[in-house]
Amino acid sequence: MKLMKIQTAPSSRRGSAMIAALLVVFAVATLSMIHVQLDLSKAREQRTAVDTKRAFYMAEAGLAEAFHGVVAGKSGNVGTPDEPARFANGIFFTTAEEEGLGRVTLTSTGMCGAGRATLSIVVERSSSAVGAMGFFGDESVSIEASALVDSYDSRNGAYSAGLLGIGANTGTQARVGSNDSLMVGGANGSTIVYGDAQPGPTGVLVRGRNTTITGTTAPFLTSTTLEAIDVPTYRNQGSIATSLLKPLVTVPVGETAYDELHVGALSKIVVTGPARIVVQNLIVDSLGEFAIDARKGPVEIYVTDWLAMKSGSRVSTGGADPRSVSLLVSADEAADHDGNGSIDQPVVLAATGSFEGTLYAPGAAVSIPSTLQVFGAASAKRLTIKSGAKMHFDVSLLEAGENETGLPRLMGWRLVELPNVPVVKLRYDALRNLIDAGLAPVKSATAHFDIGIFPP
Amino acid sequence: MSDSSTWARRRGAWIALAILALGPSAPAVPSFGGPKVDTRTPATAFAEFAASRSAGRSDAAAEALASLASFPHTLVRAILEAAAAPDRGADEALAALAVLEHLGGARDLALAPLLWRAGAEPELERAVLAIARRDAGSLSVLEGLARAVPAEVRLTFVRAVEGLGSLAAVSWMARCAERMPDVRPETLARIGRLAQALPHPAPEDALEFVRGVIAGFGSDALRDAVIAAGRMEDGESIPHLIALLAEEDVGLRADAAWSLERISGLQLRDRADRWAAWFEVELEWWRERSDSAFYELESADRAERTCALLEIGGRRMSRDRLSLRVAPLLQDPDPTVAQLAAQTLRSLRSKVACAPLVLALERPELEVGLESWRALRAITGKDLPRDVEVWRAMCAR
């Protein structure tokens, strides 16, 4: 039998192919590993980039949420670094910092996955209301000698000079302005404006002796138009007149119109809010009292022909929030309203007492006597603050009220550094970390803070 | 009464009527129908004028005034002097002021303060202004007079002179403020307002006075001077204003910042460091580069002129001087250079460029006209149509 001869390699060559194959396999494996590593690295890079972009948009969402809050009357604080607000698959917290004059800096930090971003904007809660102008005269403003104009914030309580300044609710943010010239002070007595006194673009500020103005006196760059009053139309209820036999009359709440409200001597008319009243003639005789009670709602009174608060009469608003009381006089023509043969100005203010609210008479000259303290604001065609009078501008009028539709104005935008807080330093997904730690962030819409409530 | 004297009186009456018609507050004047013999004496005519004026009968007052105008001026003046006596009533004094307003000249100005009564500042102001408008020599008379009158009258003089609305009035007010500290604050405020309304630059003596008040810190009128410097857009005040930004007084800082913003057109708020840094850069440019830039403006090479315009357009200090240098290029034969010159003037925003820009509106090249129009709108803040005559009238005002 012929045996098949198996040829074998020499012992010196045995396994060489294996080695080569192994080398190839090893090389391929190494290359694969490198490729995988590169891929992973690329993927990580991409994920980081995506997370950073998401975090950026998360911060933007935080700013938008805070802006919305400011519009809705909130403080602008949304969430906190310890308890951020949740939005989709990320979290954010926004802080609001008051800069004064209605400006707020909103700073939002957004976190999504490993991404972090912080953005900041400045918004101005400017008000389009006439009250925001302070004490304003279209044609002129005259502040006579020994008068005082200062400011306070009704949100912090009633006006108070405090004891030696302690517990005081006063400020230096008063606003006095005109579209033309401004006269402050006189020959005698010291006149003080704790705030700005600005003439119009082509006006001039004339200061008397011993006059102090703590704010700017620079002219306005543009004029301000005193808009005509849009008087609403309601069902006419005739006239109301008080007398000794009927010494107290309460005007019912709601929207009504009258020919005349006439408060006789030793009697009183009370207007209770919420009320919107249109009246042709509002007359308060000497020793009569006109009271506004805005505790249950705002009061708006439109006077179309004649507002006469005669010498010795009394006006009171019961410590109302100045944002809740408006006295709007659309009358602009002098006429003999009382039939005594002499011409009467459309606004006669000689009353005693205090008025917390906004007085607006764009077509009439208004002279505020020293016996009547105004807490709020007053605008007129020509405004005179008589000698010795005390006016207190309410800075809360600078901010848009709840009835105003004006949006806060965006003043500036910037990227800022990440804040030095623990949640930002979490290495990976902050939301996952918080959930794992048993802290479930609340939804952004419910994470707002009200004005005056500061985040912990 | 002879025919010639009657004729003379009638002629005087017609002159008075003409004055009334041109005057600022002329009452309605009746037409004289047919020949009418005027039997009034100066005294009765003045008495009738005073009575009619008090009673609000403007027609009768105008007639009496016309009659008064027909008499020789010395007679009228004697009547007014008598009315100025302290024992005479206020109505008579005010009537005499009204006569001065219509018939007075510079030599009568000395009577005006004597006729003034407390509360009659508006009447005095009207009389002084009317005389100053009629008689060019009034300013020098007023200057001497202002030293000898009470502060209220001095202020009334200042207000009246401001009403003249001229560069000479600005200089007069500056001299008045310099010599009389009691009227300085209000006068400075009025200087600023008047200078703002007039073509730039303001008179150098007024500018120097304002700078002096700002530099002499502590004056009662400091804040008024700061605002005046801003309204006059006085570049030389910049270092003083920057120094004021370091003061503790918040209001003063705000005013200084406002003036700096107005002078420069920049919005650096009240940050003294930023203003100082900007000022340093501007100074360096004026020291190192301005001469060559101005030289290049006159170069025959279009590229050099263009580069110089671009360089100057970025400057904010001494905008009046820069604008005066740039303005001739509005008439450059190359429309592109002229257009760029208009753009540069627009960014410099100096009122001295208004007149040359109005001229450039007439250039046939559309792009030059359009750019000049844009510049005029930006500088003046007026949204007027692209009409040369409209802009010329505006600039003349």
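Residues numbered from 1 in each chain as written. Chains lettered and ligands numbered in written order. Predicted model: local features only at pLDDT ≥ 70, side-chain atom pairs only at ≥ 80, totals over all residues. Heavy atoms only, no water.

Describing an aromatic ring pair means giving the distance of the ring centres and the angle of the ring planes. A full pass over the atoms with the stated rule returns eleven aromatic pairs over all chains. The interplanar angle of 85° and the centroid separation of 5.7 Å between the aromatic rings of A:Phe56 and A:Tyr57 together place this pair among those described as edge-to-face. Residue A:Phe56 is classed as partly exposed on the basis of its relative accessible area, which comes to 24%. Relative accessible area serves as the criterion here: at 53%, A:Tyr57 is assigned to the exposed category. Ring centres 6.2 Å apart and planes at 80° place the aromatic pair B:Trp285 and B:Phe294 in the edge-to-face group. (Phe/Tyr/Trp six-rings, centres within 6.5 Å; stacked < 30°, edge-to-face > 60°. Buried < 20%, exposed > 50% of the residue type's maximum accessible area, 1.4 Å probe, protein only.)

Contacts between the two partners involve 19 residues from chain B and, on the opposite side, 19 residues from chain A. Here chain B packs against chain A, burying approximately 1,300 Å² in sum over the two surfaces, 44% of which is carbon and sulfur. When residues of chain B are sorted by the area they lose upon contact with chain A, B:Arg193, B:Arg223 and B:Trp258 head the list and together hold 33% of the total. Our count for the contact surface shared by chain B and chain A stands at one salt bridge. Measuring nitrogen to oxygen at the nearest pair gives 2.2 Å for the salt bridge that ties B:Asp224 to A:Arg207. Across the contact surface, chain B and chain A share 14 residue pairs in polar contact (both at pLDDT 80 or more). Residue assignment for the side of chain B that touches chain A shows that the elements contributing at least two residues are helix H11 (184–197), helix H13 (222–232) and helix H15 (250–264) of chain B. Examining the composition of the side of chain B that touches chain A, we find that six residues originate from one element, H11(B), more than from any other. Of the residues assigned to the side of chain B that touches chain A, the class counts are seven nonpolar, two polar and ten charged. (Contact = heavy atoms within 4.5 Å. Buried area = accessible area lost by both parts, 1.4 Å probe. Salt bridge = Lys/Arg side-chain N within 4 Å of Asp/Glu carboxyl O. Polar contact = N/O pair within 3.5 Å; in protein donor to acceptor, adjacent residues only side chain to side chain. Helix = DSSP H or I, 4+ residues; strand = E, 2+ residues; numbered from the N terminus. Nonpolar A, V, L, I, M, F, W, Y, C, P; charged D, E, K, R; others polar.)

Think of an α-helix as turning once every 3.6 residues; residues three or four places apart then point the same way. Residues and elements named next belong to chain B. Those residues of helix H4 (residues 73–83) lying buried are Val76, Ile79, Leu80 and Ala83. Within H4, the buried residues cover an arc of 95° as seen down the axis, which keeps them to one side. Contacts from the buried residues of H4 go to helix H2 (42–55), helix H3 (58–69), helix H5 (90–103) and helix H6 (111–115). (Arc of directions from axis to C-beta.)

Another point: the packing of H4(B) against H5(B). Residues and elements named next belong to chain B. Where H4 meets H5, the axes come as close as 9 Å, and the angle between the chain directions of the two elements is 150°. In terms of orientation, H4 and H5 fall into the roughly antiparallel class. Crossing handedness for the pair H4 and H5: left-handed. Contacts between H4 and H5 involve His73, Val76, Leu80 and Ala83 on the former and, on the latter, Glu92, Ala93, Ala96, Val99, Leu100 and Leu103. Tallied by class, the residues present in the contact of H4 with H5 amount to eight nonpolar, one polar and one charged. (Axes fitted to C-alpha atoms, helices over the stretch in contact; angles between N-to-C directions. Parallel < 35°, antiparallel > 145°, perpendicular 65-115°, else oblique. Left-handed = near helix turned anticlockwise from the far one by under 90°.)

This part covers helix H19 (residues 335–348) of chain B. Residues and elements named next belong to chain B. Along its 14 residues, H19 runs 20 Å from first to last C-alpha, staying within 8% of the 20 Å computed at 1.5 Å per residue. By the burial criterion, the buried members of H19 are Val337, Ala338, Leu340, Ala341, Ala342, Thr344, Leu345 and Leu348. Looking at where H19 begins, the residue whose side-chain oxygen comes 2.9 Å from the main-chain nitrogen of Thr336 is Asp334. Positive backbone phi, approximately 50°, marks Arg349, located one or two places after H19. (Expected span 1.5 Å × (residues − 1).)

Take it as geometry only, folks, not as evidence of what the structure does.
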